[in-house]
Amino acid sequence: ITGFVSYFEGVASTNSWILSLVIGLIFLGVLGIFGFRVAELSKLKKVEEVKTMIQLVDGAREAIIQKSYEEAKSLYREMQQLYPYLPSAGKKMFYSKISSIRTILDKKESAQLARECLAAFREGRNKDAVELYKDLQTIYPRLPAAYADKIYKKLSPFLRSLKIR
């Protein structure tokens, strides 16, 4: 900061003062936006639904870390029920967090269904395998494309034998 001030003391032109004014205004603008967001966030955290959603998200993440996927699914269902009652700023805040939890749960569920489907194919239980694959197809649209392709490639030799696409 002292170098900035000494620069402007040595060069007392109109352009340098305008430049310092612009830099100062930009700094104040950024500070104001940051302060507004912090105030908005602290105000939002006082809403009861937001407090509950924070607990649910944290609980679901912890359950996923501990590989307790049934508990995480249960917490996810509670999040789904609570989400419509959140204020719009709260919805924006939680959308990506809830989506990431859902993606993790969908990946785990699809991997389990794929394993069961492969086991059914290998054991000759084709009807069971087809039913499991139909269940898997309902999850495909929610999966990341690369992950869905990975699962499809594992199952495709068996699907071709049954002429399922």
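Residues numbered from 1 in each chain as written. Predicted model: local features only at pLDDT ≥ 70, side-chain atom pairs only at ≥ 80, totals over all residues. Heavy atoms only, no water.

Asks: In this structure, what is going on with the overall build of the chain? I would like to understand it.
Replies: Across its full length, the chain holds seven helices and zero strands. Counting helices and strands in the order they occur from the N terminus, the chain gives α-α-α-α-α-α-α. For the chain, the residues scored as buried account for 28% of the 165 residues in total. Restricting to contacts in the chain with at least 6 residues of sequence separation, those with at least 24 account for 58%. Within the structure as shown, the chain displays about 11,500 Å² of accessible surface, and the carbon and sulfur contribution to it stands at 60%. (Helix = DSSP H or I, 4+ residues; strand = E, 2+ residues; numbered from the N terminus. Buried < 20%, exposed > 50% of the residue type's maximum accessible area, 1.4 Å probe, protein only. Contact = heavy atoms within 4.5 Å. Areas by Shrake-Rupley, 256 points an atom, 1.4 Å probe, with all protein chains shown as cover.)

Asks: How should unusual backbone geometry be read in this particular structure?
Replies: Only a minority of non-glycine residues have a phi that is not negative, and only a minority of peptide bonds are not trans. Unlike most non-glycine residues, K67 shows phi in positive territory, near 60°. Here K67 shows up in the loop between α3 (48-65) and α4 (69-82).

Asks: Where do I start with the confidence of the model for the chain in this structure?
Replies: Fine structural detail should not be taken from predicted coordinates in areas where pLDDT scores are low. Looking at the chain, the pLDDT average stands at 82 and 82% of residues meet or exceed 70. Within the chain, the element-level pLDDT minimum falls on helix α1 (residues 2-10), averaging 52, and the maximum on α4, averaging 93. (pLDDT = per-residue confidence, 0-100.)

Asks: Sorry, what's going on with the environment of I139 here?
Replies: Here I139 shows up in helix α6 (residues 126-139). You can call I139 buried: its relative accessible area is 2%. Once the C-alpha coordinates of I139 and T103 are considered, the two residues, 36 residues apart in sequence, prove to be 9.9 Å apart.

Asks: Just to check I follow, could you spell out the pattern of salt bridges for this structure?
Replies: Side chains that differ in charge, positive against negative, can pair when their charged atoms come close. Enumeration over the complete set of coordinates arrives at five salt bridges. Note that D106 and R102 form a salt bridge whose closest N and O atoms lie 3.4 Å from each other. With a gap of four residues between them, D106 and R102 both fall in helix α5 (residues 88-122), about one helical turn apart. Given the relative accessible area of 25%, R102 is considered partly exposed. (Salt bridge = Lys/Arg side-chain N within 4 Å of Asp/Glu carboxyl O.)

Asks: How do you make sense of the side chain of S156 when you look at a structure like this?
Replies: In this structure, S156 sits in helix α7 (residues 145-162). In terms of polar contacts, S156 uses its side chain to reach the backbone carbonyl oxygen of K153, at 3.2 Å. (Polar contact = N/O pair within 3.5 Å; in protein donor to acceptor, adjacent residues only side chain to side chain.)

Asks: Is there a simple way to think about a nonpolar patch on the surface in this case?
Replies: On the surface, L21, L25, F27, L28 and L31 cluster together into a nonpolar patch covering about 540 Å² of accessible area. With respect to the element layout, L28 can be found in helix α2 (residues 14-44). (Patch = residues over 30% accessible without salt bridge, like charges linked within 9 Å, V, L, I, M, F, W, Y side chains within 5 Å.)

Asks: Where do I start with α3 in this structure?
Replies: Side chains that are three or four residues apart share a direction in an α-helix, a result of its 3.6 residues per turn. Its 18 residues place the ends of α3 26 Å apart at the C-alpha level, agreeing with the 26 Å of an ideal helix rising 1.5 Å per residue. Of the residues making up α3, those classed as buried are V50, M53, L56, V57, A60, A63 and I64. Looking straight down α3, one finds its buried side chains confined to an arc of 150°; they lie on one side. In α3, the exposed residues that point more than 90 degrees away from the buried face are E48, Q55 and I65. (Expected span 1.5 Å × (residues − 1). Arc of directions from axis to C-beta.)

Asks: Which parts of the structure should I look at to understand the packing of α5 against α6?
Replies: To describe two helices that pack against each other, one gives the angle between their axes and the distance between the axes. It is at 8 Å that the axes of α5 and α6 come closest, and there the two elements cross at 160°. As judged from the angle between their axes, α5 and α6 are roughly antiparallel. Crossing geometry of α5 relative to α6 is assigned as left-handed. Within the contact between the two elements, α5 uses D106, E109, S110, L113, A114, E116, C117, A120 and F121 and α6 uses N126, D128, A129, L132, Y133, D135, L136 and I139. Across the contact of α5 with α6, the residue classes tally to ten nonpolar, two polar and five charged. (Axes fitted to C-alpha atoms, helices over the stretch in contact; angles between N-to-C directions. Parallel < 35°, antiparallel > 145°, perpendicular 65-115°, else oblique. Left-handed = near helix turned anticlockwise from the far one by under 90°. Nonpolar A, V, L, I, M, F, W, Y, C, P; charged D, E, K, R; others polar.)

Asks: Any chance you could explain a positive patch on the surface here in plain terms?
Replies: A cluster of basic side chains, namely K67, K107, K108, R115, K150 and K154, defines a positive patch on the protein surface. Mapped by element, the contributors of at least two residues to the positive patch are α5 and α7. In this structure, K107 sits in helix α5. (Lys, Arg positive; Asp, Glu negative; His and termini not counted. Charge placed at Lys NZ, Arg CZ, Asp CG, Glu CD.)

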